[in-house]
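Architecture and fold: a report
So the chains spell out like this:
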Amino acid sequence: MGIDEPCSLPAPASQSAGADLTAIVAGLRLSREVTHVVRHRGHIRLLPSRAALEKIRDGLFASLFPSHYGCPDLTDDTIDYYVGHTLSQALIALREQVRRDLMFRDPADDAHDAETLSARIVREFGAQLPSLRGMLAEDLQAAYQGDPAARSMAEVLLAYPGMRAIIHHRLAHALWQLGAPLVARLLASISQAETAIDIHPAAQIGRGFFVDHGIGVVIGQTAILGDNVRLYQHVTLGAKRFTADETGALVKGEPRHPIIEDNVVIYAGATILGRITVGRDSTIGGNVWLTQSVPPGSSITQAQNRQAEA
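Worth saying up front: this structure is predicted, and the values here are computed from it rather than measured.

Cut-offs and rules
Residues numbered from 1 in each chain as written. Predicted model: local features only at pLDDT ≥ 70, side-chain atom pairs only at ≥ 80, totals over all residues. Heavy atoms only, no water. Helix = DSSP H or I, 4+ residues; strand = E, 2+ residues; numbered from the N terminus. Contact = heavy atoms within 4.5 Å. Areas by Shrake-Rupley, 256 points an atom, 1.4 Å probe, with all protein chains shown as cover. Pairing = 2+ DSSP bridges. Axes fitted to C-alpha atoms, helices over the stretch in contact; angles between N-to-C directions. Nonpolar A, V, L, I, M, F, W, Y, C, P; charged D, E, K, R; others polar. Salt bridge = Lys/Arg side-chain N within 4 Å of Asp/Glu carboxyl O. Buried < 20%, exposed > 50% of the residue type's maximum accessible area, 1.4 Å probe, protein only. Patch = residues over 30% accessible without salt bridge, like charges linked within 9 Å, V, L, I, M, F, W, Y side chains within 5 Å.

Examining the overall build of the protein chain
- Helix and strand counts for the protein chain stand at 9 helices and 14 strands.
- Restricting the contact set of the protein chain to residue pairs at least 6 apart, pairs at least 24 apart contribute 48%.
- Carbon together with sulfur atoms contributes 55% to the accessible area of the protein chain, which is approximately 16500 Å² in total.

Regarding the sheet that holds strand β8 (residues 259–260)
- Across the sheet, 4 strands lie side by side as β2-β5-β8-β11; this open sheet has parallel pairing. Both outer strands of the open sheet, β2 (204–205) and β11 (277–278), are each paired with one neighbouring strand and no more.
- Bridging between β2 and strand β5 (residues 224–225) involves 2 bridges; their strand directions are parallel. When the bridges of β5 are listed, Q204 appears paired with I224.

Points about the packing of helix α4 (residues 79–102) against helix α8 (residues 181–195)
- Where α4 contacts α8, the axes come no closer than 7 Å and their chain directions differ by 115°. Contact residues: L94, Q97, V98 and D101 in α4; P181, L182 and V183 in α8.
- Grouping the amino acids of the contact of α4 with α8 by side-chain chemistry returns 5 nonpolar, 1 polar and 1 charged.

Examining the pattern of salt bridges
- Scanning the model with the defined rule gives 13 salt bridges in all.
- With a shortest N-O distance of 4.0 Å, E54 and R50 are connected by a salt bridge. You can see E54 and its partner R50 sitting in helix α2 (residues 50–64), 4 residues apart, about one turn around the helix.
- E54 sits in the partly exposed class, given a relative accessible area of 31%.
- Overall, R50 belongs to the partly exposed group, its relative accessible area being 31%.
- Bridged by salt links that share partners, the residues R57, D58, R164 and E194 form one connected network.

Points about a nonpolar patch on the surface
- Among the surface-exposed residues, L21, I24, V25 and L28 lie close enough to one another that they form a single nonpolar patch of about 370 Å² accessible area.
- Tracing the backbone shows L28 in helix α1 (residues 21–35).

Topic: unusual backbone geometry
- One non-glycine residue, N228, adopts positive backbone phi at about 60°.
- Mapped onto the secondary structure, N228 falls in the loop between β5 and β6 (230–231).
- At N287, a residue that is not glycine, the phi angle is positive and equals roughly 65°.

So, in structure tokens, the structure goes:
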């Protein structure tokens, strides 16, 4: 199958496997169409495809780092042709996925048709790729310099889940900002499934970011991270509480996650909750539970934090 070909249906089965298949299918239709409708506006069936986005992601990774994620036998004479061809295919496929994403816009936002807007979003996204690669080169350097176990930057690119997660995030964040939020969320979900690092695509992350080991790291939607931030495994940058409106529904999008300033190191198992600020050049120790701001240059351990909150 191609990147997003229609489903092929087999011929109807002559016998059901010990069940009244017709009744089951009718019951599922009743749930799907009447009693438990979950389709957007009740009618949108053509959704962005996770499988298609995985292939698009592969093409984007290969375009950014062709020797590491692309073809193993590229030469100086063939590498530009390979990148151009691979990127062209990925962006053409991405345009269709963004068009499907735009079907989920509020009707009041439909100032442009989905076809025109998806073309513009993908064109602007493609134009950002050289600068995104520059940021990723800084992330790569931070990972290599920050881990004594790293023997080469190639090893970091190929084997470090934190590096793979930040590549996904830089791409997803760009698409989120350009107006393709569902595609961005799917890319983040693909990354989370592969790396066990969960970064919301709206989170703002500065340059030289490094996640060491990475398992269980969570960064919420409205988190803001400065430059040269380092996180270890099982760090959570989460929300302390959720504001509800007069109907009891949760308020969407309000700032509720931490601000982490430049040059902060957060060690394994730390949980930082709410719209608080961790000042620049601070160190947050392992397993610290932090719900209040700390000034620049702080060094917070479990014992210190318990005394401050007592």
